[in-house]
Amino acid sequence: MRRAALLLLLLPLAGCDGIQSMTGGDGAQGAEFNSLFTLFMVVTGVVYILVIAFLIAALLRRGGKRTDVRDDPGEGHERGLTTALVVWTAFIALGLTVLTLASYFTDRSMAAAAVPANGEVLNIEITANQWWWDIRYHSPTHTETIRTANELHLPVGIPAHIQLRSTDVIHSFWVPNLAGKQDLIPGRLNDIDLLPRRTGLFRGQCAEFCGAQHAHMALDVTVESRDAFRAWWRQQAEPAKTPTTPLAMAGYNYVMQRECSVCHNISGTGATGQVAPDLTHVASRKSLAAGTLPMGRGQLYAWIADPQGVKPGNNMPYIGLEPQELHAVVAYLETLK
Amino acid sequence: MSSRSRASLALLVLVLAGCDREERNARGAPLPETGPAQQAALAATHSDPRAKQYENVSFQISQGQRLYSWMNCVGCHAHGGGGMGPPLMDEKWRYGGRMEDIVATIQKGRPNGMPAFEHKLTEQQAWQLAAYVRSLSAQPRQDVLSGRADEMSNTEPQTLDERKPVKDAAGSEPKGPVK
Ligand SMILES: [Cu+2]
């Protein structure tokens, strides 16, 4: 019983590792904050232990010998007390000064990490919706803007300046491995700076309760080499290809003529809806519906056939496609690489 | 147990009522969708039982309000006041103002420029829109209206506000620089 409870206590430690970890230190801002956090833990921990130790000592002493207020402990004793108090106060003042200075310098170096060494900075715009992330990239070296959803790609070692907006309610952008949280507030512009230091796959998550599907509002983050990032950008900037097989063509026709194109955008086609995730390269993404399902044929079937069964309450309606229509639409979506 | 504590226990049980959650039908089709049999029944009674499940229902009106912007009804009807399309917040209806009529207008379109949304919207969405359109014109029940306003408002976001000098009780501005 007791052992089980202890084991349960260990569970939260699982949060200290992996693709969604505050202590990962994979981004400059996150790493800065981690060292500040460690310093705070050490200083406040020492103070805590000292206070408890004094308390215990006092309790033990009191139990041993009864003292009477009328007893005069003598001048020497009083001088000792004064010295102890002065030392204690000085110790606290020193601790507070160290913490204040450390906070100040951490803040400065976080700000410095956002300033690019050679003027190279990536501008990204993220708009939160119930319950998915709309992502646009702007770049001075590329004329085109690219738009994707629920998937962020970042080149390692280049600062990213991200503007954050919301269309409906307050959400919060949080990629624990890279940096702290920042809210996305309707009618207001916020921003956050990231400087990834290591390549890898990370997971972000909305960190402000935003309704029924708040838990299914995740974000895949890929930090990659500059070359890989450039290749990804070029591929995302391409318009969608016209399908070649008859089945995919039938799916294309359905998507263009029916409900889908009203909400979704597919570049290079007549689908120009702006209120749902851009599907131009949907099949190249790692997951579906903001991390609800991994990307794959079976999951595409599940999602298109009944989005309300997979993610109840989300803003894509149950349409009720006929089986042939479903086959065709999934075949078409799979070509959107 | 004293009667006092029994009474308080009974009261505590009341709190459990808070655990109930509004049932929402996410997939639509609260009643069989309009097949031939229903069509015939409709023609006989001239009223669709589904109307009751959407009209004056808070969640449906709120969804309708969202779709009203998403489907760009705003472009032609503004926020009810009308533009290139007729106003929707008055009591005049060219094609009838019952839920069923509005759903028919949205699905089939109307000759003088109202596009048909059949196969662009699901049936459920058409009903939700109709519930919202009805809430524009009928005296809406305050308790079912959405607290959200989707139209433009003439108050600037607070973040764009310039700091105004504070006036004192007499209405004159205080002296000295105000930043
Ligand atoms: Cu959320």
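A word on the overall build of chain A
Item 1. Within chain A, the secondary structure is distributed over nine helices and 12 strands.
Item 2. Relative to the compact-globule value of 20 Å for 337 residues, chain A shows a C-alpha radius of gyration of 28 Å, a clear excess of over 25%.
Item 3. For chain A, the spread of C-alpha atoms along the three principal axes comes to 100 × 55 × 35 Å.
Item 4. Across the 337 residues of chain A, 42% fall into the buried class.
Item 5. As displayed, chain A offers around 18,400 Å² of accessible surface, 63% of which is attributable to carbon and sulfur atoms.
Item 6. Separation between the mean location of the 27 positive side-chain charges and that of the 29 negative ones in chain A comes to 6 Å.

A short note on the sheet that holds strand 3 (residues 146-149) of chain A
Remark on secondary structure: sheet strands pair via backbone hydrogen bonds, oriented parallel or antiparallel.
Residue and element names in this part refer to chain A.
Item 1. If you trace the five strands from one edge of the open sheet to the other, you get 3-2-1-5-8, paired in mixed fashion. The open sheet is flanked by strand 3 and strand 8 (190-194), the only strands paired with a single partner. Here the average twist between neighbouring strands, direction ignored, is 25 degrees.
Item 2. Bridge count for strand 5 (residues 160-166) against strand 8 is five bridges, and the pairing is antiparallel. Across the sheet, the residue bridging to Ala 160 is Leu 194, located in strand 8.
Item 3. Those strands touched by helix 4 (residues 226-237) are strand 1 (122-129), strand 2 (132-138) and strand 3, and its axis lies near 95 degrees from that of strand 3.

Description of the coordination of the copper ion
All names here are of chain A.
Item 1. Only Cys 206 (SG), Glu 208 (O), Cys 210 (SG) and His 214 (ND1) from the protein reach the copper ion as donors, at distances of 2.0 to 2.6 Å.
Item 2. Coordination at the copper ion comes from four donor atoms whose angles at the metal span 89 to 125 degrees, giving a geometry best classed as tetrahedral.
Item 3. For the copper ion, the single-chain donor residues occur in sequence as C-x1-E-x1-C-x3-H.
Item 4. In this structure Glu 208 comes out as partly exposed when scored by relative accessible area, which is 33%.

Considering the confidence of the model for chain A
Item 1. When the pLDDT values of chain A are averaged, the result is 88; 93% of them are 70 or greater.
Item 2. Taking the mean pLDDT of every element in chain A, the minimum, 78, falls on helix 1 (residues 2-10) of chain A and the maximum, 95, on strand 6 (residues 171-173) of chain A.

So, the pattern of salt bridges
Residues and elements named next belong to chain A.
Item 1. Taken as a whole and assessed by the stated rule, the structure comprises 15 salt bridges over all chains.
Item 2. Here Glu 259 ties to Arg 258 by a salt bridge, and the two come within 3.4 Å at their closest N and O atoms. For the pair formed by Glu 259 and Arg 258, the shared burial category is buried.
Item 3. When salt bridges with common partners are traced through the structure, they connect Asp 134, Arg 136, Arg 147 and Asp 278 into a single cluster.

Considerations on helix 1 (residues 3-15) of chain B
Item 1. Taking 1.5 Å per residue as the helical rise, helix 1 of chain B with its 13 residues ought to reach 18 Å, and the 19 Å between its terminal C-alpha atoms agrees with that figure.
Item 2. The buried fraction of helix 1 of chain B amounts to zero of the 13 residues, a small share that puts the element mostly on the outside.

Quick notes on helix 4 (residues 58-70) of chain B
All names here are of chain B.
Item 1. Helix length check: helix 4, at 13 residues, gives a terminal C-alpha distance of 19 Å against a target of 18 Å (1.5 Å per residue), a fit within 8%.
Item 2. With 10 of 13 residues buried, helix 4 is to be regarded as a mostly interior element.
Item 3. Among the residues of helix 4, Phe 59, Gln 60, Ile 61, Ser 62, Gln 63, Gly 64, Gln 65, Arg 66, Leu 67 and Tyr 68 are the ones counted as buried.
Item 4. Residues of helix 4 that are buried sit in contact with helix 3 (51-54), helix 5 (74-77) and helix 7 (123-137).
Item 5. Just downstream of helix 4, Asn 72 is the residue with a positive phi angle, here 55 degrees.

Regarding the confidence of the model for chain B
Residue and element names in this part refer to chain B.
Item 1. For chain B, the average pLDDT comes to 75, and 66% of its residues sit at 70 or higher.
Item 2. Between the elements of chain B, mean pLDDT differs from a low of 56, seen in helix 2 (residues 36-45), to a high of 89, seen in helix 6 (residues 99-108).
Item 3. Segment residues 157-161 is flagged for pLDDT under 50; beyond a separation of four residues in sequence, or across chains, it makes four contacts in the model.
Item 4. Predicted confidence is poor over residues 173-179, with pLDDT under 50, and the contacts of this stretch with residues over four places away or in other chains come to seven contacts.
Item 5. Both scores are given for the predicted complex: the pTM is 0.81, the ipTM 0.75.

Looking at the packing of aromatic side chains
Residue and element names in this part refer to chain A.
Item 1. What the rule picks out here adds up to 12 aromatic pairs over all chains.
Item 2. Arranged with centres 5.7 Å apart and planes meeting at 85 degrees, the rings of Phe 54 and Trp 88 form a pair that is edge-to-face. One end of the pair, Phe 54, is in helix 2 (residues 28-64); the other, Trp 88, is in helix 3 (residues 75-113), and 34 residues separate them in sequence.
Item 3. Stacked on the ring of Trp 174, the Lys or Arg Lys 181 has its end atom at 4.5 Å from the ring centre.

Re the interface of chain B and chain A
Item 1. Taken together, the 13 residues of chain B in the interface contact 19 residues of chain A.
Item 2. With both sides pooled, the region where chain B packs onto chain A buries about 1,400 Å², and carbon together with sulfur makes up 56% of that total.
Item 3. The largest per-residue losses of area from chain B upon contact with chain A belong to B:Arg27, B:Trp70 and B:Lys120, which jointly make up 42% of the total buried on that side.
Item 4. Counting across the chain B and chain A interface gives zero salt bridges.
Item 5. Viewed at the interface, chain A and chain B are joined by three residue pairs in polar contact (both at pLDDT 80 or more).

Rules of the game
Residues numbered from 1 in each chain as written. Chains lettered and ligands numbered in written order. Predicted model: local features only at pLDDT ≥ 70, side-chain atom pairs only at ≥ 80, totals over all residues. Heavy atoms only, no water. Helix = DSSP H or I, 4+ residues; strand = E, 2+ residues; numbered from the N terminus. Rg over C-alpha atoms; globule rule 2.2 N^0.38 Å. Buried < 20%, exposed > 50% of the residue type's maximum accessible area, 1.4 Å probe, protein only. Areas by Shrake-Rupley, 256 points an atom, 1.4 Å probe, with all protein chains shown as cover. Lys, Arg positive; Asp, Glu negative; His and termini not counted. Charge placed at Lys NZ, Arg CZ, Asp CG, Glu CD. Pairing = 2+ DSSP bridges. Axes fitted to C-alpha atoms, helices over the stretch in contact; angles between N-to-C directions. Contact = heavy atoms within 4.5 Å. Donors = N, O, S within 2.8 Å, 3.2 Å for Na, K, Ca; no water. Tetrahedral: all angles 85-135°; square planar, octahedral: opposite > 155°, others 65-115°. pLDDT = per-residue confidence, 0-100. Salt bridge = Lys/Arg side-chain N within 4 Å of Asp/Glu carboxyl O. Expected span 1.5 Å × (residues − 1). Phe/Tyr/Trp six-rings, centres within 6.5 Å; stacked < 30°, edge-to-face > 60°. Lys NZ or Arg CZ within 6 Å of the ring centre and 35° of its normal. Buried area = accessible area lost by both parts, 1.4 Å probe. Polar contact = N/O pair within 3.5 Å; in protein donor to acceptor, adjacent residues only side chain to side chain.

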